Amino acid sequence: MKTKTLLLFATIAAITLVFTSCKKHDFPPLCGGTDDSTVTTIKVFATGLNNPRGLKFGPDGNLYVAEAGTGGTHFYTGCQQVIPPVGPYLGSDSGSRISKIDWNGTRTTLVDYLPSSTFQAAEGGGISGVADVAFIGPNMYAIFAGAGCSHAVPDVPNGVIKIKPDRSWTMIANLSEFQMANPVKNPNPGDFEPDGTWWNMINVAGNLYAVEPNHGELDKITPSGTVSRIIDISAAEGHIVPTALVAHDGLFYIGNLDVIPFTTGSSTVFQVTQDGQIKVYATGFTTVLGLAFDNHDRLYVLETSVAGFAPGTGDIVRLDQFGNKEVIASGLNFPTGMTFGPDGKLYVSGTGIGAPGAGQILQISFKCEEVQGDMKQ
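These figures come from a predicted structure and were not determined experimentally.

Visitor: Help me understand the overall build of the protein chain, please; the structure alone is not making it clear to me.
Guide: Helix and strand content of the protein chain: three helices and 25 strands. Across the protein chain, contacts joining residues at least 24 apart in sequence account for 55% of those joining residues at least 6 apart. Split by element, the accessible area of the protein chain, about 13,900 Å² in all, is 53% carbon and sulfur.

Structure follows, in structure tokens:
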């Protein structure tokens, strides 16, 4: 059984585009009625993105988005490749980018010509590239998921890069090398990618932490480039495809995509301590790709699809301290990333799996209550 992590990317671009153009969101009921559900409104904030993934607000107040890009066209046979049917990959050292989006929703390219790769069309032809961005003070960092020799980008490994003021970049940590030198206990041989496929990266107390789904691990990367493992998730939980990562009150929270074929309710949110102890925090989710906390200690869980990986079936579930769940947004088209803005609104990478140019940033506003993101991270 194929268990390709972000094969997620198994979407058909034409279907995605048609669905996006005609899908209408089902909003929660209006305030003042008999239903006390949270009221949210969803609007398109920015368009024209190429497979948007992780996103963060920078210290300048602008939104920065990692875009997996347009994929690749070149094979490479000089190293171990991902086995069929997922591999071998088609690579490009210039198909991905990082975008800046201002408060008018205007997109400009911050950093261009970054690695991007595509797995086999028979398995959906999904795209990997820049996976996420993070800030330590004024300094911006990004993490690659679609680079490395096994993704047909032999000249650039998967790793963490630092963006310079002139928009050039330098690699501070070679994550391809780290994973090969430090294998996890229970990788899945059917879709194993030697260079990994990183997903989320966050800043906690001046260090970067990143989760990798294909191998199944949470690692720490210092600004000087030292890499160490917090936990081998595969050793504790097997091959569960951990994707989403957030920190809250000194603990990490990790959500998983799970394996293909996706089963409704099979994804979990785990709680991980700084020394790598893991336990279940909440269950019953489906294809989790994003996590965020608000300032009321409520967890927001981004599900990319709750109905067999069908377009327009993504949602956001809010979980309170007592375990009560509430769907606060639905009808989302393959959402892949989520963050709170300084305005207390949620910003979501929409159509994050699809045809280049079809990606959007959605803005989700709350009514009848005051919500702010957790600023303690």
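Visitor: So what exactly am I meant to see when it comes to the confidence of the model for the protein chain here?
Guide: Reading fine detail from the predicted coordinates is not recommended where pLDDT is low. Mean pLDDT for the protein chain: 90, with 88% of residues reaching 70 or above. Below pLDDT 50 for its whole length, residues 1–34 participates in 96 contacts with residues either more than four positions away or in separate chains.

Visitor: Just to check I follow, could you spell out the layout of surface pockets for this structure?
Guide: If you roll a probe as big as a water molecule over the atoms, it shows you where there is empty space left. Within this model, the second largest pocket holds a volume of roughly 270 Å³. Pro138, Met140, Ile163, Lys164 and Pro165 are, among the 13 residues lining the second largest pocket, the residues nearest its centre. Where the lining of the second largest pocket is concerned, the elements lending two or more residues are strand 8 (139–144) and strand 9 (159–163). Classifying every residue of the lining of the second largest pocket gives eight nonpolar, one polar and four charged.

Visitor: What is the right way to read the packing of aromatic side chains from this model?
Guide: Both the distance between ring centres and the angle between the ring planes are used here to describe each pair of aromatic rings. Here the structure, examined in full by the defined rule, presents 15 aromatic pairs. Between Phe45 and Tyr347, the aromatic rings sit 5.3 Å apart at their centres with planes inclined by 75°, giving edge-to-face as the arrangement. Pair noted here: Phe45 is in strand 1 (residues 39–49) and Tyr347 is in strand 24 (residues 346–350), with a separation of 302 residues, a long-range link. By relative accessible area, which is 0% here, Tyr347 ends up buried. When the ring of Tyr300 is compared with that of Phe340, the centres are 5.2 Å apart and the planes differ by 90°; the resulting orientation is edge-to-face. Of this pair, Tyr300 sits in strand 20 (residues 299–303) while Phe340 sits in strand 23 (residues 337–340), placing them 40 residues apart in sequence. There is no split in this pair, since Tyr300 and Phe340 are both buried. Members of the aromatic cluster, each reached through a chain of ring pairs, are Phe45, Phe57, Trp103 and Tyr347. The aromatic ring of Phe285 is capped on one face by Lys325, whose charged end is 4.2 Å from the ring centroid.

Visitor: Is there a simple way to explain the state of the cysteines in this structure?
Guide: Disulfides are covalent bonds that link the sulfur atoms of two cysteine residues. Applying the stated criterion across every chain, the model contains one disulfide. Each sulfur of the disulfide joining Cys79 and Cys149 lies 1.8 Å from the other. Taking the sign of the S-S torsion, about -115° here, the bridge from Cys79 to Cys149 comes out left-handed. Taken together, the residues span a long stretch of sequence, with Cys79 in the loop between strand 3 (63–67) and strand 4 (90–101) and Cys149 in the loop between strand 8 and strand 9 at a distance of 70 residues. When its relative accessible area of 26% is taken as the criterion, Cys79 is described as partly exposed. Judged by its relative accessible area of 18%, Cys149 is buried.

Visitor: What should I look at first to understand the sheet that holds strand 9 in this one?
Guide: The strands making up a sheet associate through hydrogen bonds between their backbones, and the pairing can be parallel or antiparallel. Spatial strand order, 7-8-9-10: four strands in an open sheet with antiparallel pairing. Strands with a single pairing partner mark the edges of an open sheet, and in this sheet they are strand 7 (130–136) and strand 10 (169–174). When the angles between neighbouring strand axes are averaged without regard to direction, this sheet yields 25°. Bridge count for strand 8 against strand 9 is four bridges, and the pairing is antiparallel. Among the inter-strand pairings, Tyr141 is bridged to a residue of strand 9, identified as Lys162.

Visitor: Can you walk me through unusual backbone geometry in this structure?
Guide: In most cases, non-glycine residues show a negative phi, while peptide bonds are predominantly trans. Cis geometry is adopted by the peptide bond preceding Pro85, which originates at Pro84 and carries an omega value of 5°. Counting through the fold element by element, Pro85 comes out in the loop between strand 3 and strand 4. A cis amide bond links Ile260 to the next residue, Pro261, at an omega of 0°. Assignment of secondary structure puts Pro261 in the loop between strand 16 (251–256) and strand 17 (267–272). The residue Ala152 is not glycine, and still its phi comes out positive at about 65°. Turning to its location among the elements, Ala152 is positioned in the loop between strand 8 and strand 9. Here the phi dihedral of Asp297 falls at roughly 65°; this positive angle occurs in a residue that is not glycine.

Visitor: How should I be thinking about the pattern of salt bridges in this particular structure?
Guide: It is possible for side chains of opposite charge to pair when their charged atoms get near one another. Under the definition given, this model contains six salt bridges. For Lys56, the salt bridge goes to Asp132, with nearest N and O atoms at 3.1 Å. Highlighted residues: Lys56 in strand 2 (residues 52–57) and Asp132 in strand 7, separated in sequence by 76 residues. In this structure, Lys56 and Asp132 share a single accessibility class: buried. The network of salt bridges with common partners includes Glu217, Asp219 and Arg229.

Visitor: Just checking my understanding: could you explain the pairing of strand 20 for this structure?
Guide: Consecutive residues of a regular strand have side chains that alternate between opposite faces of the sheet. The element strand 20 is largely enclosed, with a buried count of five among its five residues. Alternating residues of strand 20 divide into Leu299, Val301 and Glu303 and Tyr300 and Leu302, and every residue in both groups is buried. In this structure, strand 19 (residues 288–293) lies alongside strand 20, joined through five bridges in antiparallel fashion. Paired with Leu291 across the strands is Val301, a residue of strand 20. Counting the residues in the hairpin turn of strand 19 and strand 20 gives five residues, including Asp297, whose phi is positive at 65°. Bridge count between strand 20 and strand 21 (residues 314–319): five bridges; the pairing is antiparallel.

Cut-off values and rules
- Along each chain, the written sequence defines residue order, and numbers are assigned to residues from 1.
- With the structure being a predicted model, the display of local features is reserved for residues of pLDDT at least 70 and the display and counting of side-chain atom pairs for 80 or more, all residues being used for whole-chain, interface and lining totals.
- The basis for the side-chain values is all heavy atoms of the structure; hydrogens and waters are excluded.
- Numbering of helices and strands starts at the N terminus; helices are DSSP runs of H or I of at least 4 residues and strands are runs of E of at least 2.
- The contact criterion used is simple: two residues touch if any of their non-hydrogen atoms lie within 4.5 Å.
- Per-residue accessibility takes into account occlusion by the displayed protein chains alone, with areas from the Shrake-Rupley method and a 1.4 Å probe.
- A residue's pLDDT is simply how confident the predictor is in it, with values from 0 to 100.
- Residues are called lining when one of their atoms sits within 4 Å of a cavity or pocket point, these points coming from a 1 Å grid over the protein atoms alone, where a cavity is a set in which a 1.4 Å probe fits but cannot get out and a pocket is an open set with protein on both sides within 12 Å along at least five of seven lines.
- Grid points are joined across faces, edges and corners, and a volume is the space filled by probe spheres set on the points.
- In the scheme used here, Gly and all other residues not listed as nonpolar or charged are polar, with Ala, Val, Leu, Ile, Met, Phe, Trp, Tyr, Cys and Pro taken as nonpolar and Asp, Glu, Lys and Arg as charged.
- Centres within 6.5 Å are what make two rings of Phe, Tyr or Trp a pair, Trp counting through its six-membered ring; a difference in plane orientation under 30 degrees is then read as stacked, over 60 as edge-to-face, and the rest as tilted.
- Burial classification: accessible surface area is computed with a 1.4 Å probe over protein chains only, and a residue below 20% of its type maximum counts as buried, one above 50% as exposed, and the rest as partly exposed.
- Charge-over-ring placement is defined geometrically: NZ (Lys) or CZ (Arg) within 6 Å of the ring centre, and within 35 degrees of the ring normal.
- Whenever a pair of cysteine sulfur atoms sits within 2.5 Å, that pair is classed as a disulfide.
- Any two strands are treated as partners once DSSP identifies two or more bridges connecting them.
- To get an axis, a line is fitted to the C-alpha atoms, and for a helix only the part in contact is used. The angle between two axes follows their N-to-C directions and goes from 0 to 180 degrees.
- Whenever Lys or Arg places a side-chain nitrogen within 4 Å of a carboxyl oxygen from Asp or Glu, that contact is recorded as a salt bridge.

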